[in-house]
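Each chain is listed here by its residues.
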Amino acid sequence: MLAALLLAVTSACSSASQSMGRPIDRIAEAKEALPTAIRDSGQLVGGTDPTFEPMTFLKGGVHTGLDVDIAEAIAAELGLRVKWQTVSFGELLNQVEGHQIDFSISSMFDRAERQKKADFVDYLNAGTSIVVRKGVGDVGGMPGLCGRRVAVQPDTVFVDMASQQKKACGARTLTVVLSDTPSAAVRDGRADGALNDFPIAALDVKKMPALELSGPQIEAIPYGIGVAKDRKTLTTAFQTALYAVIKDGTYDELLKKWAVTEGALRTGAINGGA
């Protein structure tokens, strides 16, 4: 009887040990915790403003770009597909908050003010990039533009950035060149450098082999996937699936595909912006 009791205890301990040693399946947990309506439909409704190549744009009427690829890779990890809806940028968080869409992804900076309406799963660092002719190299950030002609698109924040730097340059003046295609102005010799959002600048460099990015991004902050604040399990599911996409190499492959590897952000933080 004592032998039988010892055998039972040993067996129980062995089973418990095996159970404790078994890796936890976070993806399975995330799937189980998804809102019932999403699990039943097998889809996520995603909102984006497709006007920002290479992040999100329309090609033949189909949503495409890095944002689209990342969201669809995350959905696939959760066993879901994405139904895309075009939403104007200013309405994205309103629709997230009202559950008209399940998430937003549209090159949206994770800022404290926006966190009042949604939680953000951060997936890419983006800031301002300087574009120069190939061979020029790192000019040393904004101060390095002194004494140069700098192309910027009218009515953008880059006009202000260039103008402020011009004041700081003193005698080594900076010449502001207004252009709807700043990188092309550098390529064509009408400017020595150009300022633009990192993803756009990276795409320009890919399309125009005579150009290169000069130095690291300036004031880079994270882009975030927006999810309603009252849907915490969905936010966690996005974060868990993003980690899986990063771990299996898909994330790096997508950044390479869209030529934005410099923006890699592997923290998957929630509300990591400021």
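Residues numbered from 1 in each chain as written. Predicted model: local features only at pLDDT ≥ 70, side-chain atom pairs only at ≥ 80, totals over all residues. Heavy atoms only, no water.

**Description of the nonpolar core**
- Core analysis: the largest hydrophobic core is formed by 45 residues, its most contacted members being Leu66, Phe103, Tyr123, Phe238 and Tyr251.
- Where this core is concerned, the elements lending two or more residues are α2 (26-33), α4 (66-77), β5 (81-86), β7 (118-133), α8 (198-207), β12 (218-228), α9 (232-247) and α10 (250-257).
- It is α9 that contributes the most residues to this core, eight residues altogether.
- Each residue touching Tyr123, except ones within four places of it in the same chain, is listed here: Met55, Asp67, Ile70, Ile105, Ser106, Ser107, Tyr223, Gly224, Ile225, Leu242, Tyr251 and Leu265. (Core = buried A, V, L, I, M, F, W, Y, C linked by side-chain atoms within 4.5 Å. Buried < 20%, exposed > 50% of the residue type's maximum accessible area, 1.4 Å probe, protein only. Helix = DSSP H or I, 4+ residues; strand = E, 2+ residues; numbered from the N terminus. Contact = heavy atoms within 4.5 Å.)

**Focus on the UniProt feature "domain: Solute-binding protein family 3/N-terminal" (unreviewed entry) in the protein chain**
- Within this structure's numbering, the places UniProt gives as "domain: Solute-binding protein family 3/N-terminal" (unreviewed entry) are residues 43-262.
- Within residues 43-262, the helical portion is 32% and the strand portion 30%, while the C-alpha atoms at the span's ends are 31 Å from each other. (UniProt positions renumbered as here; feature names shortened; annotations may be inferred.)

**Things to note about the pattern of salt bridges**
- Tallied over the entire structure, the rule returns eleven salt bridges.
- The salt bridge partner of Lys116 is Glu113, with a shortest N-O separation of 3.2 Å. Each member of the pair Lys116 and Glu113 is classed as exposed.
- The closest approach of N and O atoms between Arg266 and Asp252, which form a salt bridge, is 2.5 Å. With Arg266 in the segment after α10 and Asp252 in helix α10, this pair connects stretches of sequence that are 14 residues apart. (Salt bridge = Lys/Arg side-chain N within 4 Å of Asp/Glu carboxyl O.)

**Points about the layout of surface pockets**
- In this structure, the largest pocket spans a volume of roughly 640 Å³.
- Lining the largest pocket we find 32 residues, and of these Phe52, Phe109, Val157, Phe158 and Asp197 sit closest to its centre.
- For the lining of the largest pocket, the secondary-structure elements that each account for two or more residues are β2 (51-52), β7, α6 (157-169), α7 (182-187), β10 (193-197), α8 and β12.
- Ranked by the residues each element gives to the lining of the largest pocket, the list is headed by β12, at four residues.
- Residues that form the lining of the largest pocket fall into these classes: 15 nonpolar, ten polar and seven charged. (1 Å grid on protein atoms, 1.4 Å probe; cavity = no way out; pocket = protein on both sides within 12 Å on 5 of 7 lines; lining within 4 Å. Points joined across faces, edges and corners; volume = space filled by probe spheres on them. Nonpolar A, V, L, I, M, F, W, Y, C, P; charged D, E, K, R; others polar.)

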